[in-house]
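# Overview (structure and organization)
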Amino acid sequence: MGEFKVHRVRFFDYMPSAIRALAWCRHTQRVAVGRADGSVEIFNFSDNYFQEKVIPGRDGRTVEALCWAGPRLFSAGLDGEITEYDLENLRPRYSLEAYGGPVWTISCNSQETLLSAGFEDGTVKLFEILEGKVQFQRNLDRQKGRIVSLSWHPSGSQMAAGMMDMIRVFDAQTGHATHRLLVERGAGASKSQEVVVWSVVFLSNGTIISGDSAGKVQVWDSFTGTLLRTHLVTKWDVLVLSVSPDESSVIAGTSEGTVIQFQFVSSTVEQQEQQWVRTRTFKNHSHDVRALVHTDTAVVSGGVDTQLVVRPLLDKVEKNTQESALRKIIFPHRNLVSCAKKAGLLLFQFPDHLEVWRLGDSDGKGKAGDSLPLKRKPEKMIQLNRKGQDHICCSALSPCGGWLAYSTVSAVRLYRLQLNTNNISINKVSKLPKELQSVHQLCFSCDSSKLFASSSLSSVVVVGLSQLECKHLETLKHKSGSRQPVHLLCPSEDGKWLVTSNTDREVHVFNLHKMKLHCSVPVYGSCPTAVSVHPSGSSLVCVHADQQILEFSLKQKEYTEWSRTLQRLGLHPLWLQRDTPITTVTYDPRNPAHLALHDAFMFCIIDQTLPLPEAKTNLYNQQVLRSLPQDQRSRVSHAFKICKNFQNLLGVDLLEDHSLVVVERPLQDILTRLPAPVRCKKFAT
């Protein structure tokens, strides 16, 4: 596997934001995740739960509710605006001031023609969904208290609204309230304490199910306005409900961090009449569960502890398979760390600022596993606060450490850095080409003479950098017709090639000497998560969300022999069962037959000269190899050298001096910064 001097970095103070809303699009198998900082993430559940897109937040913007209307995504927040998102350019398409105060909830009818929103001032407003916009249609009867939750009847003729101490049923045609369902306060509660109906679901048979701040899940008959059944599930709040597509199951999320499932079944073997029965309790969160989605086969939950949890329902999936495994998505599926390999600098990206750190240094020597004494400690050189209210969506540091760039949805900024022995100076480049408007990814060439920026319509802007000026050289475009954003950029070391990949799963290779498209890699059925070009420029390697690894020859314009062998023999089952994507892959410049790559929980070197592991062999065999004599190692050695000494990885990179930078963010550090939970589980209770 080889030995590296490792810079073990734990001073990247990354802190994910709490999850406030989830929305499930059954047609595209995608989940939208809204966070407390106003950002929205799109996960493709049909592609190994890959985080395809991230729309950055903005100061003052909140996401209280999310809603799909076909392929279109809407959000609402306490700023009083309803926002539709541009999923091609990764930004809000427009925001509509609804003139009702803070918006607590939005919901779309099953026909996907009307959008309803519940407001602080007690109004429920209907908006007609038109091409390219939504248009106000009408107000329903105004109520005295805020509208906290909404749910359409599947027919689109009625709507249930959760409020303080009651549920209102509206006729969507006339706009009048037809029923008032009074919600009881909890036992022992004071008369002045209102009950908040945090969530309602309206079923096709006329049943309404509600969850409230008194810890109750209640079942109502909307025709008669009567209470059918009450389930007291917690001493705290029931914050959210979600129903399965076939309406046979409902899940409830609580302030204790539990998710409780109710199923419409017979309570006894002899009894034929079905009713809503509490069947399962899941405890996968430490804090409030604020958002839930009930898919056909799984429960998806998120909340204050920032984790997106996918809990498969074992009666819906085959047991002991990859589909039946619990998943916790904690870290982003993209790089927030940029490394200046020649200068020994690191750039950390936060929503509101950037940090540039200089790595420490040591003269000490030792054996594997030793901690070396520091001659110079790591030092924060710069903290650069962003301009404006839009959060930072991407950033990059040039390999020489002389250039820094970042972008928001509204502007790109470029800075010139000058590093001396003990200090660093930074100067903003004032005049940028007009083509650098809003970009999704930034990357510098290996000689730091060019800046690459992925722009709209899946194009890439190439900018030449010099001491005197910053000049637009070319805008690279492919011919596939895809409008999806480019999420990966990778230049070759010799400066000849630029590899791009977009969320349509396309990989394109551009010749930078001729400034035109060289070739396109055959489209594979899973989205690329990391790409790299061979130091000689002869081939590229691409790792996909389904954990497959493909190598493509740039000269022959076909897959290499090693890649064909890998596909023919297949990857090891344990490799394919990993649940976090590879976010960085690179060829080792000292030995180009070695591929270095990592996900959130392991670092791996693939030696292309060694045989591939068979399904029955031990994939994680590094400890076994160390215990064997040198002459016996070759018998059990295989191509995959996996190191799990480092955990919760946000970045791994090779420096020019052949040392390794490993950026970790221990999960415990994140947990200690969370607010205190309402209830801590104690042993034997």
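About the criteria used
Residues numbered from 1 in each chain as written. Predicted model: local features only at pLDDT ≥ 70, side-chain atom pairs only at ≥ 80, totals over all residues. Heavy atoms only, no water. Helix = DSSP H or I, 4+ residues; strand = E, 2+ residues; numbered from the N terminus. Rg over C-alpha atoms; globule rule 2.2 N^0.38 Å. Buried < 20%, exposed > 50% of the residue type's maximum accessible area, 1.4 Å probe, protein only. Contact = heavy atoms within 4.5 Å. Areas by Shrake-Rupley, 256 points an atom, 1.4 Å probe, with all protein chains shown as cover. Lys, Arg positive; Asp, Glu negative; His and termini not counted. Charge placed at Lys NZ, Arg CZ, Asp CG, Glu CD. Polar contact = N/O pair within 3.5 Å; in protein donor to acceptor, adjacent residues only side chain to side chain. Core = buried A, V, L, I, M, F, W, Y, C linked by side-chain atoms within 4.5 Å. Pairing = 2+ DSSP bridges. Axes fitted to C-alpha atoms, helices over the stretch in contact; angles between N-to-C directions. Phe/Tyr/Trp six-rings, centres within 6.5 Å; stacked < 30°, edge-to-face > 60°.

Looking at an unreviewed UniProt entry, the chain carries the name Cirhin, with the source organism given as Austrofundulus limnaeus.

Attention now goes to the overall build of the chain. Secondary structure assignment for the chain yields five helices and 55 strands. Relative to the globule expectation of 26 Å for 685 residues, the C-alpha radius of gyration of the chain, 27 Å, shows essentially globular dimensions. A principal-axis box enclosing the C-alpha atoms of the chain has dimensions of 75 × 60 × 50 Å. Residues counted as buried form 57% of the 685 residues belonging to the chain. Sequence-distant contacts, at least 24 apart, represent 48% of the contacts inside the chain between residues at least 6 apart. Accessible surface for the chain amounts to roughly 29,900 Å². Of this, 48% is attributable to carbon and sulfur atoms. Of the side chains in the chain, 78 bear a positive and 68 a negative charge, and the two mean positions are spaced by 4 Å.

Before going further, it helps to examine the side chain of His294. For His294, the position within the fold is in strand E26 (residues 289-294). His294 gets classed as buried once you look at its relative accessible area, which sits at 4%. Reaching out from His294, the side chain makes a polar contact with the side chain of Ser249 at a distance of 2.9 Å. Apart from the residues lying within four places of it in its own chain, the contact partners of His294 are Ser242, Val243, Ser244, Pro245, Ser249, Ile251, Gln261 and Leu313.

What follows deals with the nonpolar core. Counting 21 residues, the largest nonpolar core has Ile549, Trp575, Leu597, Cys604, Ile606 and Phe640 as the members making the most contacts within it. Looking at this core, the elements with two or more residues in it are strand E47 (539-544), helix H1 (561-569), strand E50 (584-587), strand E51 (594-598), strand E52 (603-607) and strand E53 (640-643). Those residues in contact with Cys604 that lie beyond four places of it in its chain are Trp575, Leu595, Ala596, Leu597, Phe640, Lys641 and Ile642. In terms of nonpolar packing, the next biggest core, distinct from the first, is built from 19 residues, Tyr14, Leu336, Cys339 and Val661 among them.

Right, let's talk about the pairing of strand E2 (residues 19-25) for a bit. Most of E2 is tucked away: six of the seven residues are buried. Summarising the sheet, E2 and strand E3 (residues 30-35) pair through six bridges and their orientation is antiparallel. Across the sheet, Cys25 pairs through a bridge with Arg30, a residue of E3. Joining the antiparallel neighbours E2 and E3 is a turn of four residues, in which Gln29 adopts a positive phi near 60°.

It is worth spelling out the sheet that holds strand E29 (residues 327-329) at this point. Strand order in the open sheet made by the four strands is E26-E27-E28-E29, with antiparallel pairing throughout. Unpaired on one side and paired on the other, E26 and E29 mark the two borders of the sheet. Between one strand axis and the next, the sheet turns by 20° as a mean value, whatever way the strands run. With three bridges joining them, strand E28 (residues 308-312) and E29 adopt antiparallel strand pairing.

Summarising the element assignment, Gly175 is placed in the loop between strand E16 (166-171) and strand E17 (177-182). Gly175 sits in the buried class, given a relative accessible area of 2%. As a C-alpha pair, Gly175 and Leu126 span 49 residues in sequence and 9.5 Å in three-dimensional space.

Our next topic: the environment of Pro611. Topologically, Pro611 is positioned in the loop between E52 and helix H3 (622-627). Taking the C-alpha atoms as reference points, Pro611 and Phe640, separated by 29 residues in sequence, lie 9.1 Å from one another. Residues within four places of Pro611 in sequence aside, it is in contact with Ser637, His638 and Ala639.

Turning next to the packing of aromatic side chains. Counted by the stated rule, this structure contains 13 aromatic pairs. Between Phe264 and Trp276 the ring centres are 5.2 Å apart and the planes differ by 40°, which places this aromatic pair in the tilted class. Within this pair, whereas Phe264 is found in strand E24 (residues 258-266), its partner Trp276 is found in strand E25 (residues 274-283), the two being separated by 12 residues in sequence. You can call Trp276 buried: its relative accessible area is 6%. With centroids separated by 5.0 Å and ring planes inclined at 70°, the aromatic side chains of Trp575 and Phe640 adopt a geometry described as edge-to-face. Of the two residues, Trp575 sits in helix H2 (residues 573-576) while Phe640 sits in strand E53, which places them 65 residues apart along the sequence. Phe640 carries the same exposure label as Trp575, and that label is buried. Following the ring pairs from residue to residue traces out a cluster consisting of Phe11, Phe12, Tyr14, Phe331, Phe348, Phe350 and Trp357.

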